[in-house]
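Fold and geometry: a report
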Amino acid sequence: MGHVADSITLTGLAVRANHGVFDFERTNGQTFLIDVTVWLDLGPAARGDALAATVHYGELAEAVHAAVAADPVDLIETVAERVARVALSFAAVERVRATVHKPDAPIELAFDDVAVTVERDRLWFELAGEDAAARASSSAASGTRASA
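Throughout what follows, the structure given in this document is the object of discussion.

Some thoughts on the pattern of salt bridges
Under the definition given, this model contains five salt bridges. With a shortest N-O distance of 2.6 Å, R120 and E81 are connected by a salt bridge. Of this pair, R120 sits in strand β4 (residues 115–121) while E81 sits in helix α4 (residues 76–88), and the two are 39 residues apart along the sequence. According to the relative accessible area criterion, E81 is partly exposed, its value standing at 27%. Across the pair E119 and R97 runs a salt bridge whose closest N-O atoms are separated by 2.9 Å. One end of the pair, E119, is in strand β4; the other, R97, is in strand β3 (residues 95–101), and 22 residues separate them in sequence. What makes E119 partly exposed here is its relative accessible area of 39%. Overall, R97 belongs to the partly exposed group, its relative accessible area being 32%.

So, in structure tokens, the structure goes:
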């Protein structure tokens, strides 16, 4: 598999969620803005004018929105990795860059934005899946519950 230069970018997806380390963030929630770029070979889709040969950006947006809105966590680093995992769950995606913006972060100084960006690829996704399966198998053997 060679270097894939084609990409689809979704910018500024607004998601209301309750992530953060402070109780008021978990209680009140806030808006997070998500940018996602996925790299894939768009040649087959372009040649055949076939939606099935690409990533449907509407479905990508819905999947990312659902992932960000679900299960509050402390860190936007965790949210960014969750977004990357969701994007890589689309079979055609080879690589992803996911940025989570937290423009209303609890910072006592004037600022425009705080953001975390992660880049992940198909190999990372496959290895992360193997690691999760190994942890689940190990936990099942010891009678404990694996964490995500």
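What about the sheet that holds β4?
Taking strand neighbours across the sheet as the criterion, the four strands line up as β1-β2-β3-β4 in an open arrangement whose pairing is antiparallel. Here the strands that pair on one side only, and so sit at the sheet edges, are β1 (7–17) and β4. Direction aside, the axes of adjacent strands within the sheet are offset by 15° on average. Two elements, β3 and β4, share seven bridges in a ladder whose sense is antiparallel. Paired with A98 across the two strands is V118, which belongs to β4. Sheet contacts for helix α3 (residues 57–69): β1 and β2 (30–39); angle to β1, the most-contacted strand, approximately 35°. Lying over the sheet, α4 contacts β2, β3 and β4, oriented at roughly 35° with respect to β4.

Quick word on the packing of α3 against α4
Viewed as axis vectors pointing N to C, α3 and α4 meet at an angle of 145°, and their least axial separation amounts to 9 Å. Two packed elements cross with a definite hand, and for α3 against α4 that hand is right-handed. Facing α3, whose interface residues are L60, A63, V64, A67 and V68, α4 presents V79, R82, V83, V86 and A87. Of the residues in the contact of α3 with α4, the class split is nine nonpolar, no polar and one charged.

Here we look at the pairing of β2
Counting buried positions over the 10 residues of β2 gives eight, a clear majority of the element. Looking at chain direction, β2 and β3 are connected through seven bridges and run antiparallel. Counted as the bridge partner of I34 is V100 from β3.

Calculation criteria
- Residues numbered from 1 in each chain as written.
- Predicted model: local features only at pLDDT ≥ 70, side-chain atom pairs only at ≥ 80, totals over all residues.
- Heavy atoms only, no water.
- Salt bridge = Lys/Arg side-chain N within 4 Å of Asp/Glu carboxyl O.
- Helix = DSSP H or I, 4+ residues; strand = E, 2+ residues; numbered from the N terminus.
- Buried < 20%, exposed > 50% of the residue type's maximum accessible area, 1.4 Å probe, protein only.
- Pairing = 2+ DSSP bridges.
- Axes fitted to C-alpha atoms, helices over the stretch in contact; angles between N-to-C directions.
- Contact = heavy atoms within 4.5 Å.
- Left-handed = near helix turned anticlockwise from the far one by under 90°.
- Nonpolar A, V, L, I, M, F, W, Y, C, P; charged D, E, K, R; others polar.

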